[in-house]
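Chain by chain, the residues:
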Amino acid sequence: MRKIEFNEKLKIWCVRIILTLLCILMIAWIFSNSLKDSTQSGQQSSQVTEGVQDVLETFKPDLSLGGKTEQEDFYILHKLVRSLAHFAEFALLCALVTWCVRSYTKIKYFFAIPLPLCFGVAVFDEYLQTFTAGRTQELADVLMDCLGACAGFAFALASIWLAGVLLRYIRQKKTLSDGGRD
């Protein structure tokens, strides 16, 4: 068994603290978006949609998303941008939570925590919107949040596995180059 030095323990605790803070900040950011009234939320997502539309028009000026008018195309793109925002923010949240939980434990069943936690955040996030003017709960948003969380979880698990493979490879190379001395 490898002896862990003080500097290595300090690095581990720094990573734990940073990941914990990032999880807290991400949840706070998600909730802060839900506490914006319908006008603020609509303006924010419309601005993002306009930016996406500008980028799309750079590559394909005559792009139509199936709407009969430009306004209908904008509405379709707006709905897509909002859905992708839900997906992306929960993918990032679940990846952060997975890495965070894993940094605290080596127990194989650590993976039982991130998804239920993120699903709970998604449900509470939609519930929060009922206290905001002009906002309602949307089951479709919860489902998109949960899909994003699943994608983030899969990404985080793959990255944890890859990091483990790389660390074992590096340690094996080091052991061979040291002539078996540890």
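Coordinates for the structure precede this section.
Definitions and cut-offs
- Residues numbered from 1 in each chain as written.
- Predicted model: local features only at pLDDT ≥ 70, side-chain atom pairs only at ≥ 80, totals over all residues.
- Heavy atoms only, no water.
- Axes fitted to C-alpha atoms, helices over the stretch in contact; angles between N-to-C directions.
- Helix = DSSP H or I, 4+ residues; strand = E, 2+ residues; numbered from the N terminus.
- Parallel < 35°, antiparallel > 145°, perpendicular 65-115°, else oblique.
- Left-handed = near helix turned anticlockwise from the far one by under 90°.
- Nonpolar A, V, L, I, M, F, W, Y, C, P; charged D, E, K, R; others polar.
- Patch = residues over 30% accessible without salt bridge, like charges linked within 9 Å, V, L, I, M, F, W, Y side chains within 5 Å.
- Areas by Shrake-Rupley, 256 points an atom, 1.4 Å probe, with all protein chains shown as cover.
- Salt bridge = Lys/Arg side-chain N within 4 Å of Asp/Glu carboxyl O.
- Buried < 20%, exposed > 50% of the residue type's maximum accessible area, 1.4 Å probe, protein only.
- Expected span 1.5 Å × (residues − 1).
- Arc of directions from axis to C-beta.
- Contact = heavy atoms within 4.5 Å.

## Brief notes about the packing of helix 3 (residues 70-104) against helix 5 (residues 139-177)
Okay, so step 1: Helix 5 packs onto helix 3 with a crossing angle of 40° between their chain directions and a minimal axis gap of 6 Å. With respect to each other, helix 3 and helix 5 are oriented oblique. When you trace helix 3 past helix 5, the crossing you get is right-handed.
Okay, so step 2: Residue composition of the contact of helix 3 with helix 5, grouped by class: 15 nonpolar, six polar and three charged.

## Observations concerning a nonpolar patch on the surface
Okay, so step 1: On the surface, Val48, Val52, Leu56, Leu63, Leu65, Tyr75 and Ile76 cluster together into a nonpolar patch covering about 540 Å² of accessible area.
Okay, so step 2: Of all the secondary-structure elements, those providing two or more residues to the nonpolar patch are helix 2 (38-59) and helix 3.
Okay, so step 3: Sort the elements by how many residues they give to the nonpolar patch and helix 2 lands first, with three residues.
Okay, so step 4: Looking at the element boundaries, Tyr75 is found in helix 3.
Okay, so step 5: We classify Tyr75 as exposed; its relative accessible area is 52%.

## Observations regarding helix 4 (residues 114-128)
Okay, so step 1: Taking 1.5 Å as the rise per residue, helix 4 with 15 residues should run 21 Å; its terminal C-alpha atoms sit 21 Å apart, in good agreement.
Okay, so step 2: Within the sequence span of helix 4, burial applies to Pro114, Leu115, Cys118, Val121, Ala122, Asp125, Glu126 and Leu128. For helix 4, the buried positions fall inside an angular range of 155° around the axis, keeping them on one side.
Okay, so step 3: Looking at the buried positions of helix 4, the neighbouring elements they touch are helix 1 (6-34), helix 3 and helix 5.

This is a description of form; function is not addressed.
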